[in-house]
Amino acid sequence: MKKAAYSFPEEVLEHVFSFIISDKDRSSISLVCKSWYEIERWCRRKVFVGNCYAVSPPILIKRFPELRSVTLKGKPHFADFNLVPEGWGGFACPWIRAMAGAYPWLEEIRLKRMVVSDESLEIIAKSFRNFKVLVLSSCEGFTTEGLAAIAANCRNLRELDLRESEVEDLSGRWLSDFPDSYTSLESLNISCLGNEVNLLALERLVSRCPNLKTLRLNRAVPLDRLPNLLRGAPQLAELGTGAYTSEMRPDVFSNLAEAFAGCKQLKTLSGFWDVLPSYLPAVYPICSQLISLNLSYATVQSPELIKLVSLCEKLQKLWVLDYIEDDGLEVLAASCKDLRELRVFPSDPFGLEPNVALTEQGLVSVSEGCPKLQSVLYFCRQMSNAALNTIARNRPNLTRFRLCIIEPRSPDYLTLQPLDDGFGAIVEHCKDLRRLSLSGLLTDRVFEYIGTYGKKLEMLSVAFAGDSDLGLHHVLSGCDNLRKLEIRDCPFGDKALLANAAKLETMRSLWMSSCSVSFGACKVLGQKMPRLNVEVMDESGPPDSRPESSPVEKLYVYRTVAGPRLDMPGFVWTMDDDSALRIS
Amino acid sequence: MDESSRNDDMKLELRLAPPGAEQQQQHWGLINGIRTTTKRDESSVLSLGYFPHATITTKGSPSSTTTSSSQAAALPLHNNADKKVFSPSSANTAVPNTSQKRTAPGPVVGWPPIRSFRKNLANSSSSSKPPPPPPEHHNKDYGGGGGKGMFVKINMDGVPIGRKVDLNAYDSYENLSNAVDQLFRGLLAAQRDSSGGGVNKLQEEEKVITGLLDGSGEYTLVYEDNEGDRMLVGDVPWHMFVSTVKRLRVLKSSELSAFTQLLVLFSVGGKQEKDAT
C-alpha cells in the first residue's frame, strides 16, 4: 500500500478510528479512500448483520478479519406470529463454523430469529477462548445439552441471555455444569426455559458471581426461593422473578420484602407469572427506584396494578396487560412523568367482546401526562380519528407507534369512517417517527399521508389495509428512509411493486403475504433485479404449476451481495435468472 | 430531496466493497449494492410490458386477496352495523351442525400480532391459588414454562409441511380436535386443488375435518409418546396425555387398521412411520 503524503501514520489513524463505534460512521470512514478502507476493515471489531442472507460468511470474514463481536438476524419479523413456516431458514451453523475458523478471539455472538443447533453451541463452547457474550433472542433448535456445553467450557462468559427462545428443555442439570471456579457471570436470562433448573446450583452460581447485574429467572423458580437468591446478589440491577405466587404466609412475605429491600441497585423488574396479589406489596419498598417494569404476564386487576404503578415515580418503561384499564393509565399518566415507553398487551386477544375497560382513552391520557413518551405498543378494541389526532398533537416526539386494534378493519367507532386521518396526524406531527404499525379500517389515503410525511420512517407494518396498488406505491415512492416493510392481507399487487423495484435495493427487506402479487411479477422482479433475492413461499406446491397470474402466498424480497441462498426448504422458490429460465 | 443529493446519500450507505468496485462484475461477492436509482432502470422495468392483460384484481373484497392461506379464510366482511363476522362460505351454509364452529370467525393466522407465549395468559394462570408442584422429571414443560407454550409437531397425511400446535392452548381433546380441523382444513383443500387455478375455489372445497377422535371420520388423530410408541389420542385423561405426548399425526382412518397391525407385528412405533415416509 502506497504510503503517500499522509499526515498521520496508520497507527494513529487506527487509534482515532477506535473511537468511532457507530456502524454508519464506520461505513462512512471506509468510503473516504482506499487506504482508509483498508485500515478501517482491519480494526473493525464489531459488526451487525441485519439479514444473515444479505451477505455470506466468506464475504464477511474476507473484509473484516479481526472481529470480536458479531450480531446476526435471520427470519423475517412476521415469523414471530407464525407466518413463516418451519424450516424456512436462518441457520446459524454455517456462520458459527466459519467464525470458529476465522475468529479465534471472538468474544460476542448475538443472534435473533435464527435456528441454532446444539452442535453450533458446542462449536462456540470449544472454539473461542475468550468468549464472553451469548445472546439468543427468539431463536430455536437447541436443547439444554447445548447450554451445558457453554456452561462447562466458557471460562470467561459474562452474559448468557436466551430471551424468548424456544429451548427443548431436557433437564435442569446444565446449570451445574458451570465449574465452581467460574465467577464471571454478569447477566443470565433463562426466562424462556420450561423446566426447573437445579435450584441449589443456581443459588451457588448467583452468590459466587460478584458482578452479577442481571438475573431473569424462569417461571419454574418458586417464589419462596427468591429471597435466598436476592440475598446472594444484593448488587442486582435487573431481576426477573419466577412464578410470583405461593401459599400466603406472613413469614414468607416478610422474608421476601426484606430481600427486595436489600437490593438497593435494583432498577428493573420483570417475570411476575401467576401473581398472587397479596404478594405484590413486597416490592413496594423498591418501587421508587425502578425505571423499568414488565408486568405483561401479571394477570392481576386494575386496583393492584394502580397501587404498584403509582409508587414508581422514576418509571421510564412499562409493559403491562390491558387489565390496567383506562383508569390505571390515567394514574400512570399522573404518577410517572418520566415515562418513555409503554406497551399494553391484550389479556384476551381472541375474545370477541372486550373483557376489560381499556379503550383509546387510556392512551390519550398517557400521551397527555407523559411528556417524554416516545415508544408505544397498544392493543385495544376501539379507536377514533379524534383520539389519534390528540395523541399526535400531544406527543410529536413519538419515535415508535404501534397500534393494534384487535378486530381487523375496525373503523373509527364514533364516526364509522376509516382511520386514515388519525394515522395521518401521527405521521404528520411526529416528524421523527421511525417505526409505525397500522390497524383498523384504512384506505389508500393513509398511505398517501405516510408517503408524504413519513420521511424518517424506517419500519412499517401493514395488515388488512388499503384499496389498491396506489397505497403501496405511495409508501415505496415517498418514504425515503424505509428499511423494512411488512404487509399482510392487503390488495397490493404487481404494478406498485414493479414500478418501485429499484427502491427495494435501498431497503433491507420487503414481506408481502396474502396480497395480490402474481407469480409472473415475482419472476420479472427476480430477473430484472439481480441484487435482490426474490423468494416465493407456497405450501400448496410449486408456483409454476399454476397460471402466472396466480397470486403467491408469501413473498420475501431482500437485497443481498451473496446471491440466491442455497439452503431453501421445499416450499420456498427463488426467482433468480436461472430459475426463471428453467420455469419458462 | 432532489435526485443528486439522494444519490449522494445512497453512496454513503454501508457496502461491502471499496468505492469504485461498481465496475467489477466478475463475482457476486464483489458486487456491492448499488443504490443509484436511475430513471433508466425504473422505466426499463416498466417498459417490459408486463401483464398488459393482467387480470389481477387490486381492489375488491378481502376474500379475493386470500391465497391458499387457509387459516385466513375467515376474514371478516366488515359490516359496520354488525359486529358478527362470517366467512363467505359459512354465510351460505344451512343450519350449522355440531362440528360447525363458524359462527365465530376461525382464527386468522398471526392475528392479533402477539407472540405465542402471550396467548393464553388469562387461562393458564390463576392468581388465587398457588401453582401445582413442579412435575417430577417429565419431559413436559411446566404449565407453559417461562410463559412459553408447549409446542409439539403435527403432521397430516397428504399435507407435505408439518405444523406445530401449542398444547397449553387447549384443555380438552375436543378443543384440540377443533384446532386440528382449523389448522389443516384449508391446507388439505389446497393439496387437493393444487393443480387448479384460482384462489376462490379453495374456500368452497374446504371440508370440516371431523371424527378425529372416535374413528368415525376420514382421519384419525394419533400421537407418539415419550417412549416412542404410537397411540390413539383420547384414551387417557387429558393432563396425562399432555405430559407424555411428543408429537402428533393425523392419519387417514383407512390406513389405521393396517398400521395398527404393523405396530403389533413389529412393535417399532414411530421409526416405522419415519421410514415409510
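Residues numbered from 1 in each chain as written. Chains lettered and ligands numbered in written order. Predicted model: local features only at pLDDT ≥ 70, side-chain atom pairs only at ≥ 80, totals over all residues. Heavy atoms only, no water.

A.B. asks: Whenever I open this one, the overall build of chain A confuses me. Can you help?
C.D. replies: Along its length, chain A carries 21 helices and 23 strands. Compactness check: chain A gives a C-alpha radius of gyration of 26 Å against a globular reference of 25 Å for 584 residues, within 12% of the reference. Expressed as lengths along the three principal axes of its C-alpha atoms, the size of chain A is roughly 75 × 65 × 55 Å. By the burial criterion, 64% of the 584 residues in chain A qualify as buried. Within chain A, contacts between residues at least 6 apart in sequence are counted, and of these 70% link residues at least 24 apart. If you sum the accessible surface of chain A, you get close to 20600 Å²; carbon and sulfur atoms cover 51% of it. (Helix = DSSP H or I, 4+ residues; strand = E, 2+ residues; numbered from the N terminus. Rg over C-alpha atoms; globule rule 2.2 N^0.38 Å. Buried < 20%, exposed > 50% of the residue type's maximum accessible area, 1.4 Å probe, protein only. Contact = heavy atoms within 4.5 Å. Areas by Shrake-Rupley, 256 points an atom, 1.4 Å probe, with all protein chains shown as cover.)

A.B. asks: Please explain the overall build of chain B as it appears in this structure.
C.D. replies: Across its full length, chain B holds nine helices and five strands. In sequence order, the secondary structure elements of chain B are arranged as α-α-α-α-β-β-α-α-β-β-α-β-α-α. Sequence-distant contacts, at least 24 apart, represent 56% of the contacts inside chain B between residues at least 6 apart. Summed over all atoms, the accessible surface of chain B reaches about 14400 Å², with 54% contributed by carbon and sulfur.

A.B. asks: I would appreciate a short explanation of the packing of aromatic side chains in the present structure.
C.D. replies: Residues and elements named next belong to chain A. Applying the stated criterion to the full structure yields 24 aromatic pairs over all chains. Between the aromatic rings of Phe 78 and Phe 81, the centroid separation amounts to 6.1 Å while the plane-to-plane angle is 55°, which identifies the pairing as tilted. Take Phe 81: its relative accessible area is 8%, and that puts it in the buried class. Following the ring pairs from residue to residue traces out a cluster consisting of Tyr 53, Phe 78, Phe 81, Trp 88, Trp 511, Tyr 556 and Tyr 558. When the ring centre of Tyr 53 is taken as origin, the NZ or CZ atom of Arg 565, which lies over that ring, is 4.5 Å away. (Phe/Tyr/Trp six-rings, centres within 6.5 Å; stacked < 30°, edge-to-face > 60°. Lys NZ or Arg CZ within 6 Å of the ring centre and 35° of its normal.)

A.B. asks: Would you mind showing me how to read the side chain of Ser 69 of chain A here?
C.D. replies: Counting through the fold element by element, Ser 69 of chain A comes out in strand β2 (residues 69-73). Residues in contact with Ser 69 of chain A, not counting those within four places in the same chain, are Arg 45, Lys 46, Val 47, Leu 106, Glu 108 and Arg 110 of chain A.

A.B. asks: How do you make sense of the nonpolar core when you look at a structure like this?
C.D. replies: It is characteristic of soluble globular proteins that their nonpolar side chains tend to be buried jointly. Among the nonpolar cores identified, the biggest contains 206 residues, and Trp 174, Tyr 244, Phe 260, Leu 318, Phe 401 and Ile 450 of chain A are the most heavily contacted of them. One finds Ile 209, Tyr 223, Val 242 and Val 250 of chain B within the second-largest nonpolar core, a separate group that totals 26 residues. (Core = buried A, V, L, I, M, F, W, Y, C linked by side-chain atoms within 4.5 Å.)

A.B. asks: Can you help me understand the pattern of salt bridges in this one?
C.D. replies: Where charged atoms of side chains with opposite charge meet at close range, the side chains can pair. If you walk through the whole model with that rule in mind, you get 34 salt bridges over all chains. Across the pair Arg 113 of chain A and Asp 80 of chain A runs a salt bridge whose closest N-O atoms are separated by 2.8 Å. Remark: Asp 80 of chain A occurs in the loop between β2 and α5 (93-102) and Arg 113 of chain A occurs in the loop between β3 (108-112) and α6 (118-127); sequence separation between them is 33 residues. In this pair, the class of Arg 113 of chain A matches that of Asp 80 of chain A, namely buried. If you follow the salt bridges from partner to partner, you end up with Asp 80, Arg 113 and Glu 164 of chain A together with Arg 115 of chain B in one network. (Salt bridge = Lys/Arg side-chain N within 4 Å of Asp/Glu carboxyl O.)

A.B. asks: What's the story with the confidence of the model for chain A in this structure? I'm lost.
C.D. replies: As a note on interpretation, predicted positions should not be read in detail where pLDDT is low. Confidence along chain A averages 95 in pLDDT terms, with 97% of residues attaining 70 or more. Between residues 580-584 of chain A, whose pLDDT stays under 50, and residues either more than four places distant or in other chains, the model counts six contacts. (pLDDT = per-residue confidence, 0-100.)

A.B. asks: Just to check I follow, could you spell out the sheet that holds strand β3 (residues 219-225) of chain B for this structure?
C.D. replies: Pairing between the strands of a sheet comes from backbone hydrogen bonds, and it takes one of two forms, parallel or antiparallel. Residues and elements named next belong to chain B. As summarised here, the arrangement of the five strands in space is β2-β1-β5-β3-β4, forming an open sheet in which the pairing is mixed. The sheet terminates laterally at β2 (159-166) and β4 (230-232), the two strands that pair on one side only. Averaged over neighbouring strand pairs, the angle between their axes works out to 30° when direction is ignored. In terms of strand pairing, strand β1 (residues 151-156) meets β2 through five bridges, oriented antiparallel. Pairing of Ile 154 across the sheet is with Arg 163, part of β2. (Pairing = 2+ DSSP bridges. Axes fitted to C-alpha atoms, helices over the stretch in contact; angles between N-to-C directions.)

A.B. asks: What should I look at first to understand the UniProt feature "domain: Transport inhibitor response" (unreviewed entry) in chain A in this one?
C.D. replies: With numbering aligned to this structure, UniProt lists the feature "domain: Transport inhibitor response" (unreviewed entry) at residues 65-111 of chain A. In the segment residues 65-111 of chain A, helix accounts for 21% and strand for 19%; the C-alpha atoms at its two ends are 20 Å apart. (UniProt positions renumbered as here; feature names shortened; annotations may be inferred.)

A.B. asks: What am I meant to see in the packing of α6 of chain A against helix α7 (residues 144-153) of chain A here?
C.D. replies: The description of two helices packed together rests on the angle between their axes and the distance between the axes. Residue and element names in this part refer to chain A. The contact between α6 and α7 brings their axes to 8 Å, and the two run at 5°. Between α6 and α7, the angle is such that the two are roughly parallel. Residues Asp 118, Leu 121, Glu 122, Ile 124, Ala 125 and Lys 126 of α6 touch α7, and the partners they reach there are Glu 145, Gly 146, Leu 147, Ala 149, Ile 150 and Asn 153. Taken together, the residues of the contact of α6 with α7 sort by class into six nonpolar, two polar and four charged. (Parallel < 35°, antiparallel > 145°, perpendicular 65-115°, else oblique. Nonpolar A, V, L, I, M, F, W, Y, C, P; charged D, E, K, R; others polar.)

A.B. asks: Is there a simple way to think about unusual backbone geometry in this case?
C.D. replies: Backbone geometry follows two general trends: most residues other than glycine have a negative phi, and most peptide bonds adopt the trans configuration. Cis geometry marks the peptide bond from Trp 111 of chain B to Pro 112 of chain B; its omega dihedral reads -5°. We note that Asp 274 of chain A has phi near 55°; this positive angle belongs to a residue other than glycine. Note that Asp 274 of chain A resides in the loop between β11 (268-270) and α11 (284-287). Despite not being glycine, Glu 325 of chain A shows a phi value in the positive range, around 60°.

A.B. asks: Explanation requested: the pairing of strand β14 (residues 341-345) of chain A in the structure shown.
C.D. replies: Within a regular beta strand, the side chains point alternately toward one face of the sheet and then the other, so they alternate between its two faces. Residue and element names in this part refer to chain A. Among the five residues that make up β14, five are buried, leaving the element largely enclosed by the rest of the structure. Of the two faces of β14, both are covered, the one formed by Glu 341, Arg 343 and Phe 345 as well as the one formed by Leu 342 and Val 344. Note that strand β13 (residues 317-321) and β14 share five bridges and pair parallel. The residue of β14 that forms the bridge with Trp 319 is Arg 343. As for the winding sense of the linkage, the β-α-β connection from β14 through helix α14 (residues 360-369) to strand β15 (residues 375-380) is right-handed. (Right-handed = clockwise from strand over helix to strand, strands pointing away.)

A.B. asks: Before we go on, may I ask you to explain the confidence of the model for chain B in this structure?
C.D. replies: All names here are of chain B. Across chain B, the average pLDDT comes to 57, with 37% of residues at 70 or higher. Contacts from residues 10-17, a stretch scored under 50 in pLDDT, to residues over four places away or in other chains number 34 contacts. Taken together, the stretch residues 19-104 has pLDDT below 50 and engages in 164 contacts with residues farther than four places along the chain or on a different chain. In the predicted assembly, ipTM is 0.91 and pTM is 0.75.

A.B. asks: Just to check I follow, could you spell out a nonpolar patch on the surface for this structure?
C.D. replies: Together, Phe 8, Val 12 and Val 16 of chain A make up a nonpolar patch on the protein surface, roughly 250 Å² of accessible area in all. Mapped onto the secondary structure, Phe 8 of chain A falls in the segment before α1 (10-17). (Patch = residues over 30% accessible without salt bridge, like charges linked within 9 Å, V, L, I, M, F, W, Y side chains within 5 Å.)

A.B. asks: Even after reading the chapter, I still don't get the environment of Leu 470 of chain A, so can you show me in this structure?
C.D. replies: Residue placement: Leu 470 of chain A occurs in helix α18 (residues 469-478). For the pair formed by Leu 470 of chain A and Arg 219 of chain A, sequence separation is 251 residues and the distance between their alpha carbons is 48 Å.

A.B. asks: Teacher, can you tell me more about the environment of Arg 68 of chain A here?
C.D. replies: All names here are of chain A. Along the polypeptide, Arg 68 turns up in the loop between α4 (57-63) and β2. For the pair Arg 68 and Ile 109, spaced 41 residues apart in the sequence, the C-alpha separation amounts to 8.7 Å. Those residues in contact with Arg 68, other than ones at most four positions away along the chain, are Arg 45, Trp 105, Leu 106, Glu 107 and Glu 108.

A.B. asks: Where do I start with the side chain of Asn 533 of chain A in this structure?
C.D. replies: Residues and elements named next belong to chain A. Structurally, Asn 533 can be placed in strand β21 (residues 532-537). Note on Asn 533: relative accessible area 3%, which makes it buried. Within the structure, the side chain of Asn 533 is placed 3.0 Å from the backbone oxygen of Gly 563, a separation counted as a polar contact. Not counting residues up to four positions away in its chain, the partners in contact with Asn 533 are Tyr 556, Val 557, Tyr 558, Thr 560, Gly 563, Pro 564 and Arg 565. (Polar contact = N/O pair within 3.5 Å; in protein donor to acceptor, adjacent residues only side chain to side chain.)

A.B. asks: I keep staring at helix α3 (residues 34-43) of chain A and nothing clicks. Help me out?
C.D. replies: Two residues of an α-helix separated by three or four positions point the same way, owing to the 3.6 residues in each turn. Looking only at α3 of chain A, the buried set comprises Ser 35, Tyr 37, Ile 39, Glu 40, Arg 41 and Cys 43 of chain A. Buried residues along α3 of chain A sit in contact with α1, α2 (23-30) and α4 of chain A.

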